[in-house]
Amino acid sequence: MTEQIELFKNYIQKLEGLAGQDKAMKIISGAMVSISAGVNDFGYNFYNFPGTRQHQFTIGQYQDFILGRIQTFVKELYGLGLRTMLIGGLPPMGCLPIQITARFKDPRDRRCLEDQNSDSQAYNQKLAIMLPELQGSLPGSKLVFANGYVPFIDMINNPQKYGFVEVNRGCCGTGLVEMASLCNIKTPICENPSQFLFWDSIHPSQKAYQFIANYLESRVLPLLLEDSEHQSR
C-alpha cells in the first residue's frame, strides 16, 4: 500500500502540471476510487503459507490487523484529497480453486472450505461496521462497502442460474493452481470460458465479473446517488 500511495502522489503531481493545482484538486476530490484488499493477504500470508502470520495472530487478530492497514490507507488517500471510496470485502475465500487445491490432497475433492468462508463473512462484517465509523471521522468523505461475497456465493451455489457448468476450478490450464503469469499464451485454456466461474485458480472469469459488477451497481450506485442528491438540495 505504501507503493500505491507514492504512485498516487506522482499522479497528482502530473495532473497538477497539466491542469493546475486548483483544478487538479477539484478533479481528485470529485473522483471515486475503488479499493480491493485482503485476498492475497489471507490466501498467501495466512492460509497457504502461514509462517510468521499464524504465529503472530489468530484469524480474528489478523482480520483486525488488515482492517487497521485499510483504515490507514483510506486516511492517507483522504489526506491527498480523495473523498469518495468504494472498499471491497472478501469473496468466499474457501471456494477459490487455489484454496481448495491447497487443502485437499485428492484433486477430485473439490469442496468449498466452510471455515475459510466463515472467516470471510466475519471479516466483511467487521469492515461494514468500521467504514461508517471511519467516515464519521473524515468530514466530507463517502466510504461505501462493496460486498461481492453475496453474488459470488450465489453463483457457486446456483451455477445453472448464471449459465455456469464449472465452479470449482479455473479455465486456464488445469484450473487447480495456475494464476497470473502461469496463465499465458502458451497455457491451454478451456473451450468455453463463459461456462466457467473462474478464469484461473483465483480470479473470476469475464462473465462472472459482469454478474458481480451488475450486482454491485444495483446496490452501491444508489447509495452514491442518494448522497449526491442530498448535497444538491
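Above: the structure in question.
Conventions used here
Residues numbered from 1 in each chain as written. Predicted model: local features only at pLDDT ≥ 70, side-chain atom pairs only at ≥ 80, totals over all residues. Heavy atoms only, no water. Pairing = 2+ DSSP bridges. Helix = DSSP H or I, 4+ residues; strand = E, 2+ residues; numbered from the N terminus. Axes fitted to C-alpha atoms, helices over the stretch in contact; angles between N-to-C directions. Salt bridge = Lys/Arg side-chain N within 4 Å of Asp/Glu carboxyl O. Contact = heavy atoms within 4.5 Å. Disulfide = S-S within 2.5 Å. Buried < 20%, exposed > 50% of the residue type's maximum accessible area, 1.4 Å probe, protein only.

**Q** Can you tell me about the sheet that holds strand β2 (residues 84-88), naming the residues and giving the values?
**A** Reading across the sheet, the three strands line up as β1-β2-β3 and stay open at both edges, with parallel pairing between neighbours. Of all strands in the sheet, those with a lone pairing partner are β1 (32-35) and β3 (142-146), marking the two edges. With strand direction ignored, the average angle separating the axes of adjacent strands in the sheet is 20 degrees. Alignment of β1 against β2, held across four bridges, turns out to be parallel.

**Q** Give a description of the pattern of salt bridges that names residues and reports values.
**A** Counted under the stated rule, the structure contains six salt bridges. In this structure, the salt-bridge partner of Asp-64 is Lys-126, at a minimum N-O distance of 3.1 Å. Taken as a pair, Asp-64 in helix α5 (residues 59-79) and Lys-126 in helix α7 (residues 114-136) lie far apart in primary sequence, 62 residues in all. A salt bridge links Arg-169 to Glu-166, with the nearest nitrogen and oxygen atoms 3.4 Å apart.

**Q** Talk me through the side chain of Gln-116; I want residue IDs and the actual numbers.
**A** Mapping Gln-116 onto the fold places it in helix α7. Every residue in contact with Gln-116, bar those within four places of it in the chain, is listed here: Tyr-47, Met-93, Gly-94, Gln-99 and Arg-103.

**Q** Which residues make up the state of the cysteines, and what values go with them?
**A** Scanning all chains against the criterion turns up three disulfides. The side chain of Cys-171 participates in a disulfide bridge whose partner is Cys-190; the two sulfur atoms lie 2.0 Å from each other. What sets the handedness of the Cys-171 and Cys-190 disulfide is the S-S torsion sign, and at about -100 degrees it is left-handed. Here the residue Cys-171 occupies a position in the loop between β4 (166-170) and β5 (196-198), and Cys-190 occupies one in the loop between β4 and β5, the gap between them amounting to 19 residues. A single burial state applies to Cys-171 and to Cys-190, both of which are buried. Each sulfur of the disulfide joining Cys-172 and Cys-183 lies 2.0 Å from the other. Negative torsions about the S-S bond denote left-handed disulfides, and the value of about -120 degrees found for Cys-172 with Cys-183 makes this one left-handed. With a gap of eleven residues between them, Cys-172 in the loop between β4 and β5 and Cys-183 in the loop between β4 and β5 connect regions that are remote in the sequence. Across this residue pair, the class does not change: Cys-172 and Cys-183 are buried. Counting its disulfide-bonded cysteines in sequence order, the protein chain shows a connectivity of 1-2, 3-6, 4-5.

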